[in-house]
Amino acid sequence: MSSPEVGVKQAPPMEFKLPVDSEMKATKIVIYSIAQPHMRAFHLSWIIFFFTFFATFAPAVLIPVIREDMSLTKTDLGISGVTAVCGAIGMRVIMGFVLDIIGPRFGNAMTMLLFAPAVFCMSLVQSAGAFQCVRLFIGCSLCAFVTCQFWVGSMFNVKIVGTANAITAGWGNMGGGATALLMPLMYEGVADYVPAFHAWRYSFFIPGGIFILLGVVSMLFSQDAPQGDYRMMKETGQLTQSKGNIWAVAKCGLLNYRSWIMFMTYGYSFGVELTVDNLIVDYLYDQFQLDHMTAGGLGALFGLMNLFSRASGGMLSDLAAIPWGMRGRLWVMFILQLLGGVFCLALGLVDYDLTATIVVMIIFSIFVQQACGATFGVVPFISRRAYGVVSGLVGAGGNVGAVVTQTIFFQGSASSPDMTKQDGLVWMGVMIMGVSFFICFVHFPMWGSMFFPANPDVSEEDYYLAEWNADEVAQGLHTPSLRFAMESKSNRGSQRGSKAKAEAAAAIIEDEAKPAAAQ
């Protein structure tokens with residue numbers, strides 16, 4: 001199990017519209033292109049993730065209407081907010097395994113077609129329990145994030161994978177802002193023809209139909225990897241799978257402590273974003289007595305910052321890696337996440353003024369979304385063999401963080417009976433800052449960590465080939481990891497890389513001088 005593994009047979013020469021590396025991964029991102037396979041996978045990834053985000057948080061945007069229609073209490077709404085994000089925890093982990101087996105093309109199609117009925121069912125709910133249950137199943141579709149990152153990570157070179165992952169995930173996350181902007185408009189438009197308490201229900205037929213359309217498009221008009229679809233690659237021997245070694249792959253991802261640190265930190269970057277998407281419109285509506293359209297429009301600004309903010313986090317990670325390698329990536333991630341916590345705390349303290357709230361909210365959203373992008377500038381390098389598992393685990397961490405935070409600070413139940421949303425934002429900021437310091441413990445032996453240098457005796461090949469045993473190496477199953485190790489040497493940074501080249505050159509000169517001296 002792994003992302004595309006080229007080994008047993010040599011793939012026939014292939015031509016692409018983008019320049020590629022030795023793994024056939026694109027070395028360039030051309031936003032305006034939909035060329036197969038790289039850019040088509042790029043655009044389908046973010047569009048599908050966008051609409052899972054849109055559907056998941058559409059009920060939260062219409063809460064002022066829905067709670068009046070069904071007489072929902074604060075506790076009912078708090079539980080619904082938790083259920084909307086907790087379902088994806090297990091689904092994201094499962095999706096990590098599924099992608100390694102059937103590929104991202106069918107992974108996306110399965111997600112959209114499987115959960116489309118849940119989106120339609122939102123129009124039928126009549127009780128708090130049904131509302132919470134349907135939100136649970138719609139939220140499961142957020143597992144499309146794992147497919148997004150896995151697919152893009154399989155299509156783009158290591159030097160730009162942070163940027164590619166960040167752009168697609170950021171534009172996908174933008175669905176949370178778009179739904180805050182568009183769902184009130186759809187509701188108002190439908191309400192011109194039907195009673196208000198029917199209008200919000202009919203509004204869900206639009207995202208439900210889009211789910212079905214995207215599922216079909218993903219299945220028919222894309223491919224799993226640069227080399228082709230998984231089925232064809234298996235038949236031709238281009239895709240090798242370590243059958244019977246599912247647990248070996250799982251151990252590579254689950255027993256790597258770096259996976260769990262990313263799990264925690266992502267819980268307080270992406271998890272925070274999920275939490276704010278769930279509450280911001282309702283908070284603005286109640287705190288400043290705004291109407292539905294105004295609260296939705298202002299709340300949309302938080303999610304819409306993903307147009308550039310998450311992408312810029314990935315770009316900063318890639319840029320920092322040029323001179324400083326992996327250590328630069330880790331420092332960027334730490335600084336962005338820490339600043340996200342600072343401005344989250346500030347957001348809870350400026351509740352007296354709408355203008356100040358919006359300004360701080362925008363700055364907060366930029367830093368927290370940049371931290372998300374910077375996280376997935378690091379994740380692809382944790383494990384090559386278990387890339388799907390690690391992506392699924394870290395993605396699930398985002399939802400775990402959202403569940404924990406909403407349960408503690410925003411549920412309105414016995415766990416936080418008197419805590420206001422302002423207090424919740426303050427303490428959420430404190431938690432973000434505290435968790436940020438776990439990044440200091442991420443250490444790659446061949447690249448180092450924030451405070452400690454690399455071990456010069458350990459190479460990229462040593463790290464990635466350690467995931468394979470002698471029998472698997474003898475069968476050539478390690479070949480993709482070997483190629484990835486060679487490509488990932490850019491994480492040494494130009495400074496260390498130049499020093500290594502100088503030392504190697506000096507060693508060659510010294511070796512050549514020895515025979516001459518002997519003569």
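The model shown is predicted, which means the values in this text are computed figures rather than measured ones. (Residues numbered from 1 in each chain as written. Predicted model: local features only at pLDDT ≥ 70, side-chain atom pairs only at ≥ 80, totals over all residues. Heavy atoms only, no water.)

This brings us to the packing of helix H8 (residues 175-191) against helix H15 (residues 292-304). For the pair H8 and H15, the least separation of the axes is 5 Å and the interaxial angle reads 155°. One way to sum up the angle between H8 and H15 is to call them roughly antiparallel. Facing Gly-177, Ala-178, Ala-180, Leu-181, Pro-184, Leu-185 and Glu-188 of H8, the residues of H15 in contact are His-292, Met-293, Gly-296, Gly-297, Gly-299, Ala-300, Gly-303 and Leu-304. Of the residues assigned to the contact of H8 with H15, the class counts are eight nonpolar, six polar and one charged. (Axes fitted to C-alpha atoms, helices over the stretch in contact; angles between N-to-C directions. Helix = DSSP H or I, 4+ residues; strand = E, 2+ residues; numbered from the N terminus. Parallel < 35°, antiparallel > 145°, perpendicular 65-115°, else oblique. Contact = heavy atoms within 4.5 Å. Nonpolar A, V, L, I, M, F, W, Y, C, P; charged D, E, K, R; others polar.)

The next point concerns the nonpolar core. In this structure, Phe-156, Trp-200, Met-262, Met-428 and Phe-444 are the most contacted members of the largest nonpolar core, which totals 140 residues. Per-element tally for this core: the top contributor is helix H1 (residues 38-61), with 15 residues. The residues contacting Met-428, other than those within four sequence positions of it, are Val-272, Thr-275, Val-276, Cys-344, Thr-405, Phe-409 and Phe-410. (Core = buried A, V, L, I, M, F, W, Y, C linked by side-chain atoms within 4.5 Å. Buried < 20%, exposed > 50% of the residue type's maximum accessible area, 1.4 Å probe, protein only.)

With that settled, consider empty space enclosed by the protein. All chains considered together, the criterion is met by four cavities of 30 Å³ or more. By volume, the second largest cavity amounts to about 70 Å³. Considering the residues around the second largest cavity, the lining is formed by Lys-25, Gly-153, Phe-156, Asn-157, Val-158, Val-161, Pro-380, Ser-383, Arg-384, Tyr-387 and Phe-484. Tallied by class, the residues present in the lining of the second largest cavity amount to six nonpolar, three polar and two charged. (1 Å grid on protein atoms, 1.4 Å probe; cavity = no way out; pocket = protein on both sides within 12 Å on 5 of 7 lines; lining within 4 Å. Points joined across faces, edges and corners; volume = space filled by probe spheres on them.)

Considering all chains together, one arrives at 33 aromatic pairs under this definition. Relative to Phe-270, the ring of Phe-53 has its centre 5.9 Å away and its plane inclined at 65°; by these criteria the two rings are edge-to-face. Placement of Phe-53 in helix H1 and of Phe-270 in helix H14 (residues 270-287) is noted, with a sequence separation of 217 residues between them. Taken individually, Phe-53 and Phe-270 each receive the classification buried, so the pair is uniform in this respect. Chaining the aromatic ring pairs together yields one cluster made of Phe-42, Trp-46, Phe-50, Phe-51, Phe-54, Phe-156 and Trp-171. For the cation-ring pair, Arg-258 lies above Phe-444, with the distance from its terminal atom to the ring centre recorded as 5.1 Å. We note Arg-385 situated over the ring of Trp-468; from NZ or CZ to the ring centre the distance is 4.0 Å. (Phe/Tyr/Trp six-rings, centres within 6.5 Å; stacked < 30°, edge-to-face > 60°. Lys NZ or Arg CZ within 6 Å of the ring centre and 35° of its normal.)

Right, let's get into the environment of Trp-468. Mapped onto the fold, Trp-468 is located in the loop between helix H20 (460-465) and helix H21 (470-474). For Trp-468, a relative accessible area of 7% corresponds to the buried category. Along the sequence, Trp-468 and Arg-385 sit 83 residues apart, while their C-alpha atoms lie 8.4 Å from each other. Polar contacts involving the side chain of Trp-468 include one to the side chain of Ser-481, which spans 2.9 Å. (Polar contact = N/O pair within 3.5 Å; in protein donor to acceptor, adjacent residues only side chain to side chain.)

Before going further, it helps to spend a moment on the layout of surface pockets. By volume, the largest pocket is sized at about 440 Å³. If one sorts the elements of the lining of the largest pocket by residue count, H14 sits on top with six residues.

A few words on the packing of helix H4 (residues 104-121) against helix H10 (residues 205-220). Packing of H4 against H10 leaves a shortest axis separation of 8 Å and a crossing angle of 160°. If you check the angle between H4 and H10, you find them roughly antiparallel. In the crossing of H4 with H10, the sense of the turn from one axis to the other is left-handed. Residues Arg-105, Phe-106, Asn-108, Ala-109, Met-112, Leu-113, Phe-115, Ala-116, Val-119 and Phe-120 of H4 form the contact with H10, whose participating residues are Phe-205, Pro-207, Gly-208, Gly-209, Phe-211, Ile-212, Leu-214, Gly-215, Ser-218 and Met-219. (Left-handed = near helix turned anticlockwise from the far one by under 90°.)

Let's shift gears to a nonpolar patch on the surface. A contiguous nonpolar patch, built from Ile-101, Ile-102, Phe-106, Met-110, Leu-113, Leu-114, Ile-212, Val-216, Met-219, Leu-220 and Phe-221 and spanning about 900 Å² of accessible area, is present on the exposed surface. When residues of the nonpolar patch are traced back to their parent elements, those giving at least two are helix H3 (74-102), H4 and H10. Relative to the elements of secondary structure, Ile-212 occurs in helix H10. A relative accessible area of 39% places Ile-212 in the partly exposed class. (Patch = residues over 30% accessible without salt bridge, like charges linked within 9 Å, V, L, I, M, F, W, Y side chains within 5 Å. Areas by Shrake-Rupley, 256 points an atom, 1.4 Å probe, with all protein chains shown as cover. Salt bridge = Lys/Arg side-chain N within 4 Å of Asp/Glu carboxyl O.)

The phi angle of most residues is negative, glycine excepted, and most peptide bonds adopt the trans form. A cis amide bond links Gln-36 to the next residue, Pro-37, at an omega of 5°. Take Pro-37: it is sitting in the segment before H1. You will see that Ser-71, though not glycine, has its phi angle at about 55°, which is positive. Along the polypeptide, Ser-71 turns up in the loop between helix H2 (63-70) and H3. In this structure, Gln-289 takes a positive phi of about 50° despite not being glycine. Position of Gln-289 among the secondary structure elements: in the loop between H14 and H15.

A few words on helix H5 (residues 128-140). In this model, H5 (13 residues) spans 19 Å end to end at C-alpha, consistent with the 18 Å of a helix rising 1.5 Å per residue. Where H5 is concerned, the buried positions are Ala-128, Phe-131, Gln-132, Val-134, Arg-135, Ile-138, Gly-139 and Cys-140. Check the buried side of H5 and you find it contacts H1, H2, H3, H4 and H14. (Expected span 1.5 Å × (residues − 1).)

The next point concerns the confidence of the model for the chain. Residue-level pLDDT values for the chain average 86, and 90% of them are 70 or greater. Within the chain, the element-level pLDDT minimum falls on helix H23 (residues 493-518), averaging 50, and the maximum on helix H13 (residues 257-267), averaging 96. Considering only residues more than four positions removed or in separate chains, one finds that residues 1-11, a stretch of pLDDT under 50, has 47 contacts. Predicted confidence for residues 500-509 stays below pLDDT 50, and this span has one contact to residues more than four positions away or in other chains. (pLDDT = per-residue confidence, 0-100.)

Below, the discussion takes up the pattern of salt bridges. Evaluated as defined, the whole model comprises twelve salt bridges. In this structure, the salt-bridge partner of Asp-69 is Arg-201, at a minimum N-O distance of 3.2 Å. Here Asp-69, found in helix H2, pairs with Arg-201, found in helix H9 (residues 196-202); they are 132 residues apart in sequence, far enough to count as distant. Looking at Asp-69, the relative accessible area reads 22%, which means it is partly exposed. For Arg-201, a relative accessible area of 8% corresponds to the buried category. Between Glu-460 and Lys-489 there is a salt bridge, with the nearest N and O atoms lying 3.2 Å from each other.

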